[in-house]
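What the coordinates show
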Amino acid sequence: MSAASGISASEDLLREFSNALTDPSVRFLKIAIQNEALVPQGSWPSNANDLSKDLAQLDDILLPDVPAYILARLDTGSDWLFISYVPDTAKVRDKMLYASSRAALTKALGGQAVKDTLFATSKKDLTPESYAAHLRHIAAPQPMSAREAELAEIQAAERQSST
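Residues numbered from 1 in each chain as written. Predicted model: local features only at pLDDT ≥ 70, side-chain atom pairs only at ≥ 80, totals over all residues. Heavy atoms only, no water.

Our next topic: the overall build of the protein chain. When helices and strands are tallied, the protein chain shows six helices and six strands. Its helices and strands taken in sequence order, the protein chain reads β-α-β-β-α-α-β-β-α-β-α-α from the N to the C terminus. If one aligns the C-alpha atoms of the protein chain with their principal axes, the spans along those axes are about 60 × 35 × 30 Å. The 163 residues of the protein chain split such that 34% are buried. In the protein chain, the share of contacts with a sequence separation of at least 24, taken over all contacts with a separation of at least 6, comes to 60%. Distance between charge centroids for the protein chain: 3 Å, based on 16 positive and 21 negative side chains. (Helix = DSSP H or I, 4+ residues; strand = E, 2+ residues; numbered from the N terminus. Buried < 20%, exposed > 50% of the residue type's maximum accessible area, 1.4 Å probe, protein only. Contact = heavy atoms within 4.5 Å. Lys, Arg positive; Asp, Glu negative; His and termini not counted. Charge placed at Lys NZ, Arg CZ, Asp CG, Glu CD.)

A separate point is the side chain of Q57. Mapped onto the elements of the fold, Q57 is located in the loop between α2 (51–54) and α3 (58–61). Exposure remark for Q57: the relative accessible area of 13% places this residue in the buried category. A distance of 3.1 Å separates the side chain of Q57 from the backbone oxygen of P45, its partner in a polar contact. Residues contacting Q57, with those up to four places away along its chain left out, are F28, W44, P45, S46 and N47. (Polar contact = N/O pair within 3.5 Å; in protein donor to acceptor, adjacent residues only side chain to side chain.)

The strand order β1-β3-β2-β4-β5-β6 describes an open sheet built from six strands, whose pairing is mixed. Lying at the two open borders of the sheet, with one neighbouring strand each, are β1 (8–9) and β6 (114–120). Relative to strand β5 (residues 80–85), strand β4 (residues 68–73) runs antiparallel, the two being bridged by six bridges. Among the inter-strand pairings, I70 is bridged to a residue of β5, identified as I83. In this fold helix α4 (residues 92–108) packs onto β1, β2 (26–34), β3 (37–45), β4, β5 and β6, with an angle of close to 35 degrees to the strand it touches most, β4. (Pairing = 2+ DSSP bridges. Axes fitted to C-alpha atoms, helices over the stretch in contact; angles between N-to-C directions.)

Here is a general trend for soluble globular proteins: nonpolar side chains tend to be buried in one another's company. Among the nonpolar cores identified, the biggest contains 22 residues, and I31, L38, L71 and L105 are the most heavily contacted of them. Only α1 (11–22), β2, β4, β5 and α4 provide two or more residues apiece to this core. Sequence-distant contacts of L38, that is, excluding residues within four places in its chain, are made with I7, S8, A9, S10, L13, I31, A32, I33, Y69, S101 and L105. (Core = buried A, V, L, I, M, F, W, Y, C linked by side-chain atoms within 4.5 Å.)

Turning our eyes to something else, we now look at the environment of A37. Mapped onto the elements of the fold, A37 is located in strand β3. For A37, a relative accessible area of 18% puts it in the buried group. C-alpha of A37 to C-alpha of S84: the two residues are 47 residues apart in sequence and 16 Å apart in space. Dropping the residues within four chain positions of it, A37 is found in contact with I7, S8 and A32.

Regular strands place side chains that alternate from one sheet face to the opposite one. Most of β5 sits inside the fold, with six of its six residues counted as buried. The alternating pattern of β5 places W80, F82 and S84 and L81, I83 and Y85 on opposite faces, both of which are buried. Here β4 hands over to β5 after six residues, with G77 in that stretch at a positive phi of 100 degrees. For the handedness criterion, the β-α-β arrangement of β5, α4 and β6 is classed as right-handed. (Right-handed = clockwise from strand over helix to strand, strands pointing away.)

What follows is the structure, given as structure tokens:
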């Protein structure tokens, strides 16, 4: 767990996010840390009505060495993907600042709308292929020890015999 940075969301950011919640055309909302505050740096509309295809926009939105947070509207329309983009080539202070401010941002935005989180250290981590791999990882069964697998088999057999 990281220590809190003391950085909080600006009123501009809260207003911008509130507007994005009610405007279904907004696909991406970029957030940065400036002057010890989380501030909006713009919003972008959906070009393809498919998040996987819209991810290509991030190549122009993000800078190679500058961390940022991106809120990406999921295809469900009301849920958001929280992207923490902290390039390996970013300054160490910036890396620490973004790592320690992530929780404060999600808390300030209400947390309910953010359904998933994606961590990226390069723009290559934000391609349709990498996002598909992320979704496969989430959907994959949780790893189990040999004992846990044995218990799961016993429970499944008990459920099956009781029906």
